[in-house]
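# Architecture and fold: a report
Chain by chain, the residues:
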Amino acid sequence: MSKTDSINTEQDYARTDADSEAFLKIDGLTKVYDDGGSGVVAVDDMNIDVKEGEFIVFVGPSGCGKSTTLRSIAGLEEITEGQIVINGENVEGQPPRKRDIAMVFQSYALYPHMTVRENMEYPLKVRGVPKEKRMQRVEESAKLLEIPDLLERQPKDLSGGQQQRVALGRAIVREPRVFLFDEPLSNLDAKLRVQMRTELNKLHNKIGKTSIYVTHDQAEAMTLSDRVVVMNDGEVQQIAPPQQVYDQPANEFVGGFMGSPSMNFFDATVNVDAEEIRTDAFTIPLPEWMQERLDQTGEFDARFGVRPEDISVRNSADGHGDSHTTVDVTVVEEMGSNFFLTVTNNGVEYKAIVEPNTDIERGDKLSLDFDLQKCHLFDNHTGDSLVYGTAP
Ligand code: ADP
């Protein structure tokens with residue numbers, strides 16, 4: 001049985017090593033929507049090479065151009081400039097049907113009058129796949145999605161999560177060369193979203209198809225992707241594996257967007273000679289690893305960034321180091337596994353994620369420590385990273 005005939009075994013669809021040539025190439029993609037005036041630039045000169053089998057997640061705030069990118073790949077938008085190349089072929093002018101791409105949407109778009117089996121069978125039917133093969137593919141996909149017992153049900157008799165599985169099934173039966181996902185988990189409740197995320201991960205490990213996934217949810221971006229593409233305002237901000245995006249954000253936007261609660265930012269003056277970083281809230285030593293990586297000398301203005309989890313309550317028994325500051329605790333959020341603190345010093349408010357400690361109360365004065373191995377400096381004009389957050 002050939003690979004294209006069957007999705008029977010995991011081995012058939014074993015993940016291709018992502019070191020091959022670009023399978024999907026987005027080359028200078030620009031999309032300008034006509035608004036009767038100068039136009040809306042939805043995507044501005046995007047370039048990315050996606051390897052075969054890679055799972056790429058586009059993430060960014062609403063309106064940053066994620067869906068436009070996805071729709072352009074699918075052939076649902078005419079692009080203004082650039083090209084999209086799939087498996088060596090420029091797909092310009094090809095209608096969506098010809099591109100051999102399957103798209104899974106936020107709305108499940110199941111046919112209400114058809115059973116699950118008929119819904120899953122439908123894309124094959126319209127493509128003229130013979131009955132026997134259709135049945136086989138539906139059974140195999142249902143098994144993969146662990147929904148064989150739902151095949152004779154109507155969509156109205158399914159939960160949201162089950163409906164989304166069927167929608168996935170309808171995409172999988174076609175054995176497309178690329179999967180596109182447009183916020184597919186947005187309609188599910190928080191708990192189910194997390195479950196389905198894991199299911200999608202497992203599914204991708206089994207079928208290993210090139211996938212492009214769009215979300216505004218940074219947790220989905222982090223957990224699902226081989227590489228994340230962070231977008232803002234039509235422009236790509238960074239393309240990198242998720243942990244790298246988190247640890248080494250290319251700019252202030254990425255640092256602030258990835259992570260919850262967000263990274264804290266402070267207007268700062270860095271004095272390389274005096275080896276210190278001064279903000280309105282505190283003055284801390286400029287770590288040696290930062291000094292070594294900085295191009296600048298003397299004194300300059302910058303933005304200092306530190307993630308809430310890289311701030312801890314000072315252990316007074318420690319009694320050494322001077323990367324600490326005294327703060328007023330204004331809000332304590334008990335999260336169970338940790339506490340979110342909102343603190344101020346000198347009128348500057350920021351957040352810390354600390355070990356759970358029921359002794360901490362609103363109104364307390366606390367001494368906090370910054371982890372100087374993990375803080376960031378950004379250019380105060382461009383927002384670009386001057387030094388990454390993690391010491392070598
Ligand atoms: P996202 O998916 O990241 O929320 P979109 O790709 O939907 O962003 O939109 C990007 C930008 O393009 C937004 O400013 C949006 O208002 C604009 N836009 C999207 N579709 C159209 C359209 N059909 N006509 C005009 N502007 C559009």
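Refer to the structure above for everything that follows.
Criteria and cut-off values
Residues numbered from 1 in each chain as written. Predicted model: local features only at pLDDT ≥ 70, side-chain atom pairs only at ≥ 80, totals over all residues. Heavy atoms only, no water. Helix = DSSP H or I, 4+ residues; strand = E, 2+ residues; numbered from the N terminus. Buried < 20%, exposed > 50% of the residue type's maximum accessible area, 1.4 Å probe, protein only. Contact = heavy atoms within 4.5 Å. Areas by Shrake-Rupley, 256 points an atom, 1.4 Å probe, with all protein chains shown as cover. Lys, Arg positive; Asp, Glu negative; His and termini not counted. Charge placed at Lys NZ, Arg CZ, Asp CG, Glu CD. Core = buried A, V, L, I, M, F, W, Y, C linked by side-chain atoms within 4.5 Å. 1 Å grid on protein atoms, 1.4 Å probe; cavity = no way out; pocket = protein on both sides within 12 Å on 5 of 7 lines; lining within 4 Å. Points joined across faces, edges and corners; volume = space filled by probe spheres on them. Nonpolar A, V, L, I, M, F, W, Y, C, P; charged D, E, K, R; others polar. Pairing = 2+ DSSP bridges. Right-handed = clockwise from strand over helix to strand, strands pointing away. Axes fitted to C-alpha atoms, helices over the stretch in contact; angles between N-to-C directions.

## Examining the overall build of the protein chain
- Helix and strand counts for the protein chain come out as nine helices and 21 strands.
- For the protein chain, the spread of C-alpha atoms along the three principal axes comes to 75 × 50 × 45 Å.
- Split into buried and exposed, the 392 residues of the protein chain put 51% on the buried side.
- Restricting the contact set of the protein chain to residue pairs at least 6 apart, pairs at least 24 apart contribute 67%.
- Summed over its atoms, the accessible surface of the protein chain is roughly 18400 Å², and 43% of this surface lies on carbon and sulfur atoms.
- For the protein chain, the distance from the average position of its 40 positive side-chain charges to the average position of its 67 negative side-chain charges is 12 Å.

## Digging into the nonpolar core
- Residues Met 120, Leu 168, Phe 181, Tyr 213 and Met 258 are the most contacted members of the largest nonpolar core, which totals 44 residues.
- The dominant element in this core, judged by the number of residues it contributes, is helix H4 (residues 160-172), at five residues.
- In this structure Met 258 touches Val 59, Gln 218, Ala 221, Met 222, Val 228, Val 245, Tyr 246 and Arg 307, once residues within four positions along its chain are discounted.

## Overview of the layout of surface pockets
- If you add up the space inside the largest pocket, you get close to 520 Å³.
- Lining the largest pocket are 21 residues, with Ala 102, Met 103, Phe 105, Arg 170 and Arg 174 sitting closest to its centre.
- For the lining of the largest pocket, the secondary structure elements donating two or more residues are strand S6 (101-104), helix H2 (116-125) and H4.
- Among the elements that make up the lining of the largest pocket, the one with the highest residue count is S6 (four residues).
- Among the residues making up the lining of the largest pocket, the classes are represented as 16 nonpolar, one polar and four charged.
- In this structure, the second largest pocket encloses a volume near 220 Å³.
- Lining the second largest pocket we find 15 residues, and of these Glu 78, Ile 79, Glu 92, Gly 93 and Arg 99 sit closest to its centre.
- Counted by class, the lining of the second largest pocket contains three nonpolar, seven polar and five charged residues.

## Topic: the pairing of strand S7 (residues 178-182)
- For S7, the tally of buried residues reaches five of five residues, placing the bulk of the element in the interior.
- On S7, burial covers both faces: Val 178, Leu 180 and Asp 182 on one face and Phe 179 and Phe 181 on the other are all buried.
- With four bridges connecting them, S6 and S7 associate as parallel partners. Each bridged residue has a counterpart across the sheet, and for Ala 102 the counterpart in S7 is Phe 179.
- In this structure, S7 lies alongside strand S8 (residues 210-215), joined through five bridges in parallel fashion. Its bridge partner being in S8, Phe 179 is matched across the sheet by Ser 211.
- Regarding the hand of the β-α-β motif, the stretch spanning S7, helix H5 (residues 190-207) and S8 is right-handed.

## Comments concerning the sheet that holds strand S1 (residues 22-33)
- Judged by pairing direction, the sheet is antiparallel, and its four strands sit side by side in the order S2-S1-S4-S5 without closing on themselves. The strands lining the two open edges of the sheet, one partner per strand, are strand S2 (40-51) and strand S5 (89-90).
- Note that S1 and strand S4 (residues 81-86) share five bridges and pair antiparallel. Of the residues in S4, the one forming a bridge with Ile 26 is Ile 84.
- Lying over the sheet, helix H1 (residues 66-74) contacts S1, S2 and S4, oriented at roughly 120 degrees with respect to S1.

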